[in-house]
Amino acid sequence: MNTEQPIPKQPPYWLTMPTRFSWWMLLATMLLVVVATIGGKNLYFRGDYNIFFDGQNAQLRAYDEIQTTFAKSDNLSIVIAPKSGEVFEGETLSLVQQLTKDAWQIPYSSRVDSLANYQHTEALEDDLIVEDLLLEEYELTDARIDKIKRIALSEPVVKHSLISGKGDVTVVNITVQLPQIDETAEAIEVIDSANALIEKYQQQYPNVEFYKAGIVAMNHAFMVAAQDDSATLVPTMLLVILLFLTIMLRSFLSVIATLVVIIASVMATMGLSGWAGMFLSTATVNIPTLVMTLAVADCVHVIATMRQNMKKGHSKPFAIDQSVAINFMPILMTSVTTAIGFLMMNMSDSPVLRDFGNLAALGVMIACFLSVSLLPALLRVLPIKVKQVDKTQQGSPDFMDKLGDWVVSNRKALLPVSAIVIAMSAALVPLNKVNDESVKYFDSRSEFRQAADFMEARISGMTNISIAVKTNESQGIADPVFLKAIGDFSQWLRDQPEADHVATLSDVYKRLNKNMHADDQSYYTLPLDRELAAQYLLLYEMSLPYGLDLNNQVNVDKSSIKMVVTVDNLGSVELVDLENRIYAWFSQHAPQYEVVASSPSLMFAHIGETNMASMLSTLPVTLILISALMIFALRSLRLGLISVVPNMAPAIIGFGLWALLSGEINLGLSVVVTLTLGIVVDDSVHFLSKYQRARLQGQSAEQAVRYAFHTVGRALWITTVVLVAGFSVLAMSSFRLNADMGQLSALVIFIALVVDFIFLPALLMKFDTASYTEKQEEQTLSTTAVAPTQG
């Protein structure tokens, strides 16, 4: 096996500047990093769900229209669960009364709904009585409690909304009108006030459990998830990097130099994002973790090559200069292709994922710059020493040599086996289904997830769809034709298997019609006289207390109504299917009315699917760009085209395995292909450049494969381990979008190493059979070479 290194020539002058002017380079680069880092003071955090959607999102526009037409429905639900399993007890009902009264003091609260202030209507001779169900003037006697229970468990407005079907759990629902100046700070203010309230009543009622749910609680959960990630994942990543680099590089000072580079890369990246006016979010808060792993990959190649040269007896400045010179092009190539992959995330429908891609691309290029400027200067200044190895020991085979020999010996079998594995994986890929369930973005440790699961098990799901139905006619909602359509639609909704509760104005009309006929149950039907219906509603509205009007169901000129269907915590596929059925019902039964359906849950249900479609549409462009760069860097059309298959194979195999492991693609996973494609190229670029270097020296394809394993195999193994470790840390996130993205990315990156060690060599030995014009080392050293990385 030909593994001898030609005598290297002097690198270009500009590449030797870090070793010639080490202290000046340190000063200049650190000054640039400090200036960039100062921008971090402009960073702020946003944890609300709105950041996942831009103004062009159709579902967001629909939701904003509903919110503008009717009262805003951002809410916080406090779930009350007595351990006795019975809400209808004097003590628990008193708690509901007190909590309802105090809930009005929560910041930005505009409405509080509970059993206590549910506006029950009944007839008393010729009068319509409208009063609180738990009116404080009435003593909570057994007879009174029995009546309250009977009303609550029979009234469709209340059952499965404010009270569970079994009567064992009740809800106090607080609607808030946030100023939306700083939604994250406002959500924290609401949650802190609610926590103080719950803590107060928890002490008074130790036999009652309290939970927080609703949109405000979900926004807060997004923020908590991001804070937990930044507090745990970044320190964990630092420890992982220290551990793996110390073990693999066996040099503490080299590890210190690497840490300086990655910390500088992270600080500069986050600082520049602050200068650009960006904000931190649940997605971008993990950028430091990502930049750390990518920076390490660059540093490992430079350090490993330097150490290998020093083992051969070269001076440290010479070893550093040679390492930078022969690693510069591959590092630049891999950084540019990785950045392209991240920049393609700009085609995402989600603003935070676009920000994630842009920041990651920026971090990659900053790490690339620092790895060939700051890192060599640090290595020159630090007193790093490497024991020189005897020439007789330098040629002894190691594991990578043996692996190279095995691959060459078994190349005829490895190629078809690899092709079969890729084909089988490709067949599994369609088994994956795009399915987002916003509640399950949070794992079971999350307080919000526990509350949502508890609510779904006891009362109803937390997922809902707001449905605005427009007559486009003032006072049109009193039209008997409209009332009948709404009544029929409400019943149809309740008959759907996933529906838990339907809040509809038709129930109010039915109850009022019964009340106005001396509470005769046979009149519990819709009033089909327009004037009568209008008078009923006017009389009812005039009787309602402040804050409990019908603005959340009826618009100002009575031309539109809003209904809300609460369903099980469905995945995006089932939720979108229900939405389509809603539109289909109106199209078939009431086409004259305009219908708009939306909700935060529905927005998340759509965005995963549209995001996957947009990402797949950019994939051909990404592949063409990366392939063109490969052809340019390697100056070989043949090698550039051969590289396309192993660059795509890891994602195909990864998603095929994911179909067996999970089968669900959420918003986070929809970007994995473009996210990992550039990173995957790292392995193939370094392997191909060493392979090509050997071929240009006149070696056969088999000899060149052995040469590539010998010179670059160990460095690829180290960088892959660090990258997989980095993304595995991300997989530890309590936020499922980040956790799944980290898990699948780590899988794809590991598969990439296997593909480039098994499939790529077999491809090269099969199809790269043409003879190369032998060239001198000086002609190729500074363009395509990757230095030996053993040691």
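Residues numbered from 1 in each chain as written. Predicted model: local features only at pLDDT ≥ 70, side-chain atom pairs only at ≥ 80, totals over all residues. Heavy atoms only, no water.

Per an unreviewed UniProt entry, the chain carries the name RND transporter and comes from Vibrio variabilis. Quoted verbatim from the Subcellular location (unreviewed entry) field of UniProt, the annotation for the chain is "Cell membrane". (UniProt positions renumbered as here; feature names shortened; annotations may be inferred.)

Caption draft 1: Geometry of the overall build of the chain. Along its length, the chain carries 26 helices and 12 strands. Each principal axis of the C-alpha atoms in the chain carries an extent, and together these give about 110 × 50 × 45 Å. Within the span of the chain, comprising 791 residues, buried residues form 60% of the whole. For the chain, the proportion of contacts with a sequence separation of at least 24, taken over those separated by at least 6, is 82%. With the model as given, the accessible surface of the chain reaches about 30700 Å², and the carbon-plus-sulfur share is 59%. (Helix = DSSP H or I, 4+ residues; strand = E, 2+ residues; numbered from the N terminus. Buried < 20%, exposed > 50% of the residue type's maximum accessible area, 1.4 Å probe, protein only. Contact = heavy atoms within 4.5 Å. Areas by Shrake-Rupley, 256 points an atom, 1.4 Å probe, with all protein chains shown as cover.)

Caption draft 2: Geometry of the sheet that holds strand 5 (residues 170–176). With antiparallel pairing, the four strands of this open sheet are ordered in space as 2-5-1-6. Only two strands of the sheet have a single neighbouring strand rather than two, namely strand 2 (109–113) and strand 6 (208–213). Pairs of neighbouring strands in the sheet enclose a mean axial angle of 20°, with direction left out of account. Across six bridges, the pairing between strand 1 (residues 75–82) and strand 5 is antiparallel. Paired with Leu76 across the two strands is Ile174, which belongs to strand 5. (Pairing = 2+ DSSP bridges. Axes fitted to C-alpha atoms, helices over the stretch in contact; angles between N-to-C directions.)

Caption draft 3: Summary view of the packing of aromatic side chains. This structure, assessed with the given rule, holds 21 aromatic pairs. Here the aromatic rings of Phe709 and Phe757 are separated by 5.1 Å at their centres, their planes lie at 45°, and the arrangement is tilted. Residue Phe709 is found in helix 24 (residues 701–730), and its partner Phe757 is found in helix 25 (residues 736–767); the two are separated by 48 residues along the sequence. Its relative accessible area of 7% is what places Phe757 among the buried residues. One Lys or Arg, Arg46, reaches over the ring of Phe279 and ends 5.2 Å from the middle of that ring. Across the ring face of Phe632, the terminal group of Arg635 is positioned such that the distance to the ring centre comes to 6.0 Å. (Phe/Tyr/Trp six-rings, centres within 6.5 Å; stacked < 30°, edge-to-face > 60°. Lys NZ or Arg CZ within 6 Å of the ring centre and 35° of its normal.)

Caption draft 4: Representation of the environment of Leu483 within the structure. Inspection of the secondary structure puts Leu483 in helix 17 (residues 480–495). Between the C-alpha atoms of Leu483 and Ile340, which are 143 residues apart in sequence, the distance is 56 Å. Excluding its chain neighbours within four sequence positions, the residues that come into contact with Leu483 are Ile477, Ala478, Tyr509, Leu526, Pro527 and Ala533.

Caption draft 5: Region of the structure containing the UniProt feature "domain: SSD" (unreviewed entry) in the chain. Feature annotation in UniProt assigns "domain: SSD" (unreviewed entry) to the following positions: residues 256–381 and 639–766. Overall, residues 256–381 shows 81% helix and 0% strand. The separation of its end C-alpha atoms is 12 Å. Taken end to end, residues 639–766 has its terminal C-alpha atoms 12 Å apart, with 85% of it in helix and 2% in strand.

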